[in-house]
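Fold and contact review
So the chains spell out like this:
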Number of protein chains: 2
Amino acid sequence: MDKNVNISILMDFYGQLLTLKQLDAMDLYYNNDLSLSEIALELGISRQGVRDSIKRGEKQLYELEEKLGLVKRFNDISKNIDIMNSVIDSLQIADGDKEKLDKIKEISKGLTKDL
Amino acid sequence: MDKNVNISILMDFYGQLLTLKQLDAMDLYYNNDLSLSEIALELGISRQGVRDSIKRGEKQLYELEEKLGLVKRFNDISKNIDIMNSVIDSLQIADGDKEKLDKIKEISKGLTKDL
């Protein structure tokens, strides 16, 4: 099986919707880089069971993204926020508005974190 | 059954994860304000079947929000974007930066739409 980096990202967004067994197996495989055999040993299930769990989990994650599109949405918005931030950073601002600009920057830079 | 306005919002976020039957019944009930009997007639299923579909759908929507929290996240971010927009609107800007400010406003006001 390919270790697709996108899967880790999908797990961040939709992991809560997987079963605990799937989540455990996928976390060990994708985030901790264990082999199928090592995971089987760790979780006390067969190597084939681990493989099936991960495969089913991957399928579900792709379907969830197809239906909800959260990762795509996150990427689109993040890009816009980054553009906005760089324009904000380049503004020539009246001295009296220094505080306001700081407030804008604070919120704007916090947005990506909250997405 | 109470017609909870929150359900319509939850449907916007998670509707794609419900079955088509649930989605149809809930849409007619919550967004088109039909009665259970009218929906039963419309969908060609029993009144009790409609009721069960809606109840199960509601439960799933609440569970999805508990797990993913998209509505809460949306509300939090929207609030921050609104605050940011009102500060941006109040900025005293150097004449040369007029165009930049317009760009910031355009992106900023588009963010909520893209969430």
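Keep in mind it's a predicted model, so treat the numbers as computed, not measured.

1. Comments concerning the confidence of the model for chain A
For chain A, mean pLDDT is 90; residues scoring 70 or higher make up 97% of the total. Across the whole predicted complex the pTM is 0.83, and at the interface the ipTM reaches 0.79.

2. Brief notes about the domain arrangement of chain A
Looking at the assigned domains, one finds that chain A contains domain 1 (5-68) and domain 2 (72-114). When each unit is reduced to the centre of its C-alpha atoms, the spacing between domain 1 of chain A and domain 2 of chain A is 36 Å.

3. Comments concerning the relation of the copies chain A and chain B
Rotating chain A by 180° about the axis while translating it 0.0 Å along that axis superimposes it on chain B, leaving an RMSD of 0.1 Å. Look at the turn and shift together and you get a two-fold axis relating the two. Residues of chain A ranked by C-alpha distance from the rotation axis are headed by A:Ile93, positioned 2.7 Å from it. Both copies present the same face, since 100% of the interface residues in chain A are matched by interface residues at the equivalent positions in chain B.

4. So, unusual backbone geometry
In this structure, A:Asp33 takes a positive phi of about 60° despite not being glycine. Within the secondary structure, A:Asp33 is located in the loop between α2 (20-31) and α3 (36-43).

5. Examining the packing of helix α3 (residues 36-43) of chain B against helix α4 (residues 47-68) of chain B
Residue and element names in this part refer to chain B. Remark: α3 packs on α4, axes separated minimally by 8 Å, with the N-to-C direction vectors making an angle of 105°. By the angle between their axes, α3 is roughly perpendicular relative to α4. Contacts from Leu36, Ser37, Ile39, Ala40 and Leu43 in α3 reach Arg47, Val50 and Arg51 in α4. Across the contact of α3 with α4, the residue classes break down as 5 nonpolar, 1 polar and 2 charged.

6. Observations regarding the interface of chain A and chain B
At the junction of the two partners, chain A supplies 28 residues and chain B supplies 28 residues. Sorting the residues of the side of chain A that touches chain B by element identifies α4 (47-68), α5 (70-89) and α6 (98-114) of chain A as the ones contributing at least two each. Its residues assigned to classes, the side of chain A that touches chain B shows 14 nonpolar, 7 polar and 7 charged.

7. Some details on the environment of B:Gly15
When you line up the elements, B:Gly15 lands in the loop between α1 (5-14) and α2 (20-31). Residue B:Gly15 is classed as partly exposed on the basis of its 17 C-beta neighbours within 10 Å.

8. So, the environment of A:Leu36
Residue and element names in this part refer to chain A. Mapped onto the secondary structure, Leu36 falls in helix α3. Through-space distance from the C-alpha of Leu36 to that of Arg51 is 6.7 Å; in sequence the pair is 15 residues apart. Sequence-distant contacts of Leu36, that is, excluding residues within four places in its chain, are made with Arg47, Val50 and Arg51.

Parameters at a glance
- Residues numbered from 1 in each chain as written.
- Chains lettered and ligands numbered in written order.
- Predicted model: local features only at pLDDT ≥ 70, side-chain atom pairs only at ≥ 80, totals over all residues.
- pLDDT = per-residue confidence, 0-100.
- Domains from an automatic or database assignment.
- Least-squares fit on C-alpha atoms with pLDDT ≥ 70 in both.
- Contact = placed C-beta atoms within 7 Å.
- Helix = DSSP H or I, 4+ residues; strand = E, 2+ residues; numbered from the N terminus.
- Axes fitted to C-alpha atoms, helices over the stretch in contact; angles between N-to-C directions.
- Parallel < 35°, antiparallel > 145°, perpendicular 65-115°, else oblique.
- Nonpolar A, V, L, I, M, F, W, Y, C, P; charged D, E, K, R; others polar.
- Buried ≥ 20, exposed ≤ 12 C-beta atoms within 10 Å, placed from the backbone.

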